[in-house]
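Report on the structure
Next come the chains, spelled out residue by residue.
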Amino acid sequence: MIRVKVFSPSTDQVRIVKEVLRIYFPRLKEIDTTNFLISSNYFSGTVKADKKINLYLEKQTSPLVIKVKLEMDDQVFFHEEVAKPPFFSEEETNRARRLLRLALQQIFSLAKIIKPSPWGILTGVRPLKIVQRFMDDGITPENILNHLIKDYALEERKAKLLLEIAYRQRPFLPKEKRNLVSLYLGIPFCPTRCYYCSFPAFSLDRWGYLLADYLQALEKEIIGLSQVLQEKEIKVQTVYLGGGTPTILSAGQLAKLLTVVQDNFAFVPDRELTVEGGRPETLTREKLEVLKAHQVTRLSINPQTMQAVTLERIGRKHSCEDIITAYHLAREFGFPVINMDLIIGLPGEKRVDLDKTLNEILALRPENITVHALALKRAAYYRQEKIDLVLPAEGQAMLDLAHTKLAKAGYLPYYLYRQKEIFAHGENVGYSLPGKICFYNLLMMEERQTILGCGVGASSKFVDLETNFLESIYNPKDILFYLQRVDELLQRKVDNLQTVL
Ligand code: SF4
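Okay, so let's go over this structure.

**Let's talk about the overall build of the chain**
The secondary structure content of the chain amounts to 16 helices and 19 strands. For 501 residues, the compact-globule estimate of 2.2 N^0.38 gives 23 Å, and the chain sits close to it at 24 Å. Taken along its principal axes, the extent of the C-alpha atoms in the chain is 70 × 50 × 45 Å. The contacts of the chain with a sequence gap of at least 6 include a subset with a gap of at least 24, amounting to 72%. When the accessible surface of the chain is totalled, it reaches about 21,400 Å², and 52% of it is carbon and sulfur. Here the chain contributes 67 positive and 60 negative side-chain charges, whose respective centroids are spaced 3 Å apart.

See below:
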């Protein structure tokens, strides 16, 4: 256990110390406002013994300098960060905070308390937004790379990955207000709950008695929102039916839901419609016929791994053969894009397991492959630390392996996001064969279009590019709470739409 005591006149600085420590020690405990306890764990690197750390912070202005002193046992470490040109547009307070993050990362690393994350001091879910902002400001690619590496401490390969994706996304990002929105519809039911799951997902066995009420509430939200869009003559560009596992619905329920969507909105001519059929055992010929009849353009079949032993370990009830069968069946229907999700960091898996999974998925050649690093935040298995964890060094090698193999097979990364407590300080990356990107993913991640979310756990983003307005409304993750509050949630969204559109 390590006790960290912070000496600083500024509560904002103490808050930043906590934030930086949480990158490496997500389960940091607060003893009081300036005293924290951290333990050596999966994220933390090398410190094993009990230690006491005193951390002294000082800020000087004109020129801006952040000084940090760290005392640990009989050792003392110093580091200072000086604001140096070339600068990018950044408020003075934000610059001081960024320099403090850099200084802290550096001093913790000097004291061997951490091994720096390849993502440097970035903690956000959407690192691409920084790059898009640099691009909006007309900064050259070379200078963007420099800023990412020097001013945010990213490893070069991560900085290059961001830049590559940002340039790929650029032509597709709306730059001005357009009369278009996207829809997200959530079906939070699954055959069983995977042990690693951090989504709202209710097993049908236990919660199925609420399904009919749920579909009714969802329809109410859809119709309520569609009325505002019709009044304002707004069209829908993309629809994403996610979950949970939407294909857990019967063919009749799927047909009804898709008909409600089809009948109540005006769409752009090339509208995108994604359906997540995450669990292969839920994909029947009859359901695929329904999806085809409603012109689904993208179907997601999510193996996560092609190791039978892991599937069992994570609580999935299907086999690797089921995945391949479902894929070939879906192919018969000629969906323009099939996506397959993989997860790196599943319990017990090493580089060699990932290699096998990648080989088998690449042999199928789906148009999209999405590679996630496991989010550990609510994964009970990891919390209890009862499983065989892969070391971070191997973890980064696994992420690199996926990237290299996919690039070699012609897949291009086109969106990226990160999560808190993510495996091996990794990232989630969507890859696509040329010309096959999923616009919904891109628009949702970069927050440049209004997205209306309906259903349990769905988030709605109201975006006005003219005024830089961005507001989010989150539906509850609890299904009973959602059913009670659906009218109120709908009204809030309708009110927000009236303002933004
Ligand atoms: S299929 Fe997806 S949403 Fe359902 S339990 Fe598994 S991880 Fe969660």
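**Section: the sheet that holds strand S2 (residues 29-32)**
Spatially, S2-S3-S1-S4-S5-S6 is the arrangement adopted by the six strands of the open sheet, whose pairing is mixed. Strands with a single pairing partner mark the edges of an open sheet, and in this sheet they are S2 and strand S6 (75-82). Direction aside, the axes of adjacent strands within the sheet are offset by 20° on average. Across eight bridges, strand S4 (residues 51-60) lies against strand S5 (residues 65-72) in antiparallel orientation. What sits directly across from Glu58, in S5, is Lys67. With respect to the sheet, helix H1 (residues 11-24) is in contact with strand S1 (2-7), S2, strand S3 (35-38), S4 and S5, its orientation differing from that of S3 by roughly 0°.

**A short note on the site of the ligand**
Inspection of the region around the ligand gives Cys190, Thr192, Arg193, Cys194, Tyr196, Cys197, Phe199, Ala201, Gly244, Thr245, Arg279 and Arg316 as its neighbouring residues. Split into classes, the residues belonging to the shell around the ligand amount to six nonpolar, three polar and three charged.

**Side note on empty space enclosed by the protein**
Across all of its chains, the model carries two cavities of 30 Å³ or more by this definition. In this structure, the largest cavity occupies an estimated 150 Å³ of space. Looking at the lining of the largest cavity, the elements with two or more residues in it are strand S7 (180-187) and strand S18 (459-464). Residue composition of the lining of the largest cavity, by class: eight nonpolar, three polar and five charged.

**Structural notes on the layout of surface pockets**
Space inside the second largest pocket adds up to approximately 390 Å³. In terms of lining, the second largest pocket is formed by 13 residues, of which the most central are Lys129, Glu447, Arg448, Leu465 and Asn468. It is helix H3 (residues 128-136) that contributes the most residues to the lining of the second largest pocket, four residues altogether. When its residues are assigned to classes, the lining of the second largest pocket shows four nonpolar, two polar and seven charged.

**Quick notes on the nonpolar core**
By size, the foremost hydrophobic cluster in this structure holds 153 residues, and its most contacted members are Leu55, Leu70, Leu104, Phe108, Ile113 and Ile187. Considering each element in turn, this core owes the most residues, nine residues, to helix H7 (residues 211-232). Look past the residues within four positions of Leu55 in its chain and what remains in contact with it is Val4, Lys5, Val6, Phe7, Val17, Val68, Lys69, Leu70, Leu104, Ile107 and Phe108. The next biggest cluster of nonpolar side chains, apart from the first, holds 14 residues, and it includes Tyr415, Tyr440, Leu443 and Ala458.

**Quick word on the packing of aromatic side chains**
Across all of its chains, the model carries 14 aromatic pairs by this definition. Between Phe7 and Tyr56, the aromatic rings sit 4.6 Å apart at their centres with planes inclined by 15°, giving stacked as the arrangement. Of this pair, Phe7 sits in strand S1 while Tyr56 sits in strand S4, placing them 49 residues apart in sequence. Exposure remark for Phe7: the relative accessible area of 32% places this residue in the partly exposed category. Residue classification places Tyr56 among the partly exposed positions, given a relative accessible area of 27%. Ring pairing ties together the aromatic residues Phe88, Phe134 and Tyr152, which thus form one cluster. The ring of Phe481 carries the charged tip of Arg485 above its face, separated from the ring centre by 5.0 Å.

**Things to note about the environment of Leu299**
With respect to the helices and strands, Leu299 occurs in strand S12 (residues 298-300). Judged by relative accessible area, which is 0%, Leu299 ranks as buried. The spacing of Leu299 and Met340 is 41 residues in sequence and 8.7 Å in space, taken between C-alpha atoms.

Cut-offs and rules
Residues numbered from 1 in each chain as written. Predicted model: local features only at pLDDT ≥ 70, side-chain atom pairs only at ≥ 80, totals over all residues. Heavy atoms only, no water. Helix = DSSP H or I, 4+ residues; strand = E, 2+ residues; numbered from the N terminus. Rg over C-alpha atoms; globule rule 2.2 N^0.38 Å. Contact = heavy atoms within 4.5 Å. Areas by Shrake-Rupley, 256 points an atom, 1.4 Å probe, with all protein chains shown as cover. Lys, Arg positive; Asp, Glu negative; His and termini not counted. Charge placed at Lys NZ, Arg CZ, Asp CG, Glu CD. Pairing = 2+ DSSP bridges. Axes fitted to C-alpha atoms, helices over the stretch in contact; angles between N-to-C directions. Near = heavy atom within 4 Å. Nonpolar A, V, L, I, M, F, W, Y, C, P; charged D, E, K, R; others polar. 1 Å grid on protein atoms, 1.4 Å probe; cavity = no way out; pocket = protein on both sides within 12 Å on 5 of 7 lines; lining within 4 Å. Points joined across faces, edges and corners; volume = space filled by probe spheres on them. Core = buried A, V, L, I, M, F, W, Y, C linked by side-chain atoms within 4.5 Å. Buried < 20%, exposed > 50% of the residue type's maximum accessible area, 1.4 Å probe, protein only. Phe/Tyr/Trp six-rings, centres within 6.5 Å; stacked < 30°, edge-to-face > 60°. Lys NZ or Arg CZ within 6 Å of the ring centre and 35° of its normal.

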